Amino acid sequence: MSRRFLSIGECMVELSQAGDGLLRKGFAGDTFNTAWYARACLAADWSVDYFTALGDDAMSEEMLAFIDKSGIGTSLIRRIRGRTPGLYMINLKDGERSFSYWRDSSAARSLAADPDRLREAVESAAVIYFSGITLAILPHEDAETLLAEVRRAKAAGKLVVFDPNIRPRLWSSYDVMHTTISEGARSSVIVMPSFDDEAAHFGDDSIEATIHRYRTLGAVDIVVKNGADGVRLNFAGEETFVPAEKVKKVVDTTSAGDSFNGAFLARYLETSDAPAAARFAAKVAARVVSEHGALVAKEKLGLDRG
């Protein structure tokens, strides 16, 4: 089996608070954040690649160089003449974040418009990670193309992982959102939802209801994140609870779930021990929410690997 982790989605220009009314520029996005933390936590013999689309402007060049410098492969990234990356700004209050977005014409919306390139990327990987946001930004026909490819990968025995990461504002309607996210889960082996999203947008009244719904759709294994209330795992039909790590002061929750996902998958790929992977990921996520920004440097994560 190849040891390549492929994450599919949109990396954006990030503007975060720098104090005194100033903003700090960076690059981030849910699936890129997960790739970043997977790269930080995986052994060196694993490669991590990002699949997206960028433009031909100076900001796209800068983003590409940043991704490459982060140790994440860029060879499969599409370049589209005349297009630019999306941008978002983080607004923070008491450690909780809200976002303002400028992404309607971002190059990443065309990431699945070249089916042959997408298939090449998916076939090259052992692990394929995508999210509800990945699906939400795509035109309907391109979302169907992506879903067909990940279904094909699942049937071929690859580990397909999906975080529903529900953002209603990105969808044309609730019906489209519900149907497409359900198809994303049906196409995956591991589904990693956040319970507050599932309760708010699918009406789940318990974590058990979330697990049952995704298992009925065809997910093999499920990781339900529940913030400070910990994580519930259902692997091979067995349920396990893993408590969250205590955090002295929450600074920024921007990448709490993304960092958990990347760290969990990295440890699970090495050990096949889901509870141990969740405990490890909870520690990483606790470090991440204690710092500013979506991407926290590896040396601040307290990893036991050099």
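Residues numbered from 1 in each chain as written. Predicted model: local features only at pLDDT ≥ 70, side-chain atom pairs only at ≥ 80, totals over all residues. Heavy atoms only, no water.

A. Spotlight on the pairing of strand β12 (residues 221-225). Buried residues dominate β12, accounting for 5 of its 5 residues. Burial of the side chains of β12 extends over both faces: D221, V223 and K225 are buried on one face and I222 and V224 on the other. Across 2 bridges, strand β11 (residues 190-191) lies against β12 in parallel orientation. Paired with V191 across the two strands is I222, which belongs to β12. (Buried < 20%, exposed > 50% of the residue type's maximum accessible area, 1.4 Å probe, protein only. Helix = DSSP H or I, 4+ residues; strand = E, 2+ residues; numbered from the N terminus. Pairing = 2+ DSSP bridges.)

B. View of the sheet that holds strand β13 (residues 231-235). Spatial ordering of the open sheet is given by β4-β1-β9-β10-β11-β12-β13-β14, a layout of 8 strands whose pairing is mixed. With partners counted over all chains shown, the strands left at the sheet margins are β4 (47-51) and β14 (238-242), one partner each. Bridge count for strand β1 (residues 4-8) against β4 is 5 bridges, and the pairing is parallel. Counterpart to L6 in the pairing with β4 is D49. With respect to the sheet, helix α1 (residues 30-41) is in contact with β1, β4 and β9 (127-131), its orientation differing from that of β4 by roughly 170 degrees. Lying over the sheet, helix α3 (residues 115-123) contacts β1, β4 and β9, oriented at roughly 140 degrees with respect to β1. (Contact = heavy atoms within 4.5 Å. Axes fitted to C-alpha atoms, helices over the stretch in contact; angles between N-to-C directions.)

C. Seen up close, the pattern of salt bridges. One pass over the structure, following the stated rule, counts 18 salt bridges. We note a salt bridge from E183 to R186, for which the minimum N-O separation is 3.0 Å. Pair noted here: E183 and R186 are both in helix α6 (residues 174-186), with a separation of 3 residues, about one helical turn. On the basis of relative accessible area, R186 is assigned to the partly exposed category, the value being 37%. One network of salt bridges, in which partners are shared, links R119, E123, E149 and R152. (Salt bridge = Lys/Arg side-chain N within 4 Å of Asp/Glu carboxyl O.)

D. Highlighting the layout of surface pockets. In this structure, the second largest pocket spans a volume of roughly 190 Å³. Lining the second largest pocket are E14, S16, R24, K25, G26, F27, A28, F66, H292, G293, A294 and L295. Contributions of two or more residues to the lining of the second largest pocket are made by β2 (12-19) and β3 (22-28). Tallying contributions element by element places β3 first for the lining of the second largest pocket, with 5 residues. Of the residues contributing to the lining of the second largest pocket, the split by class is 5 nonpolar, 4 polar and 3 charged. (1 Å grid on protein atoms, 1.4 Å probe; cavity = no way out; pocket = protein on both sides within 12 Å on 5 of 7 lines; lining within 4 Å. Points joined across faces, edges and corners; volume = space filled by probe spheres on them. Nonpolar A, V, L, I, M, F, W, Y, C, P; charged D, E, K, R; others polar.)

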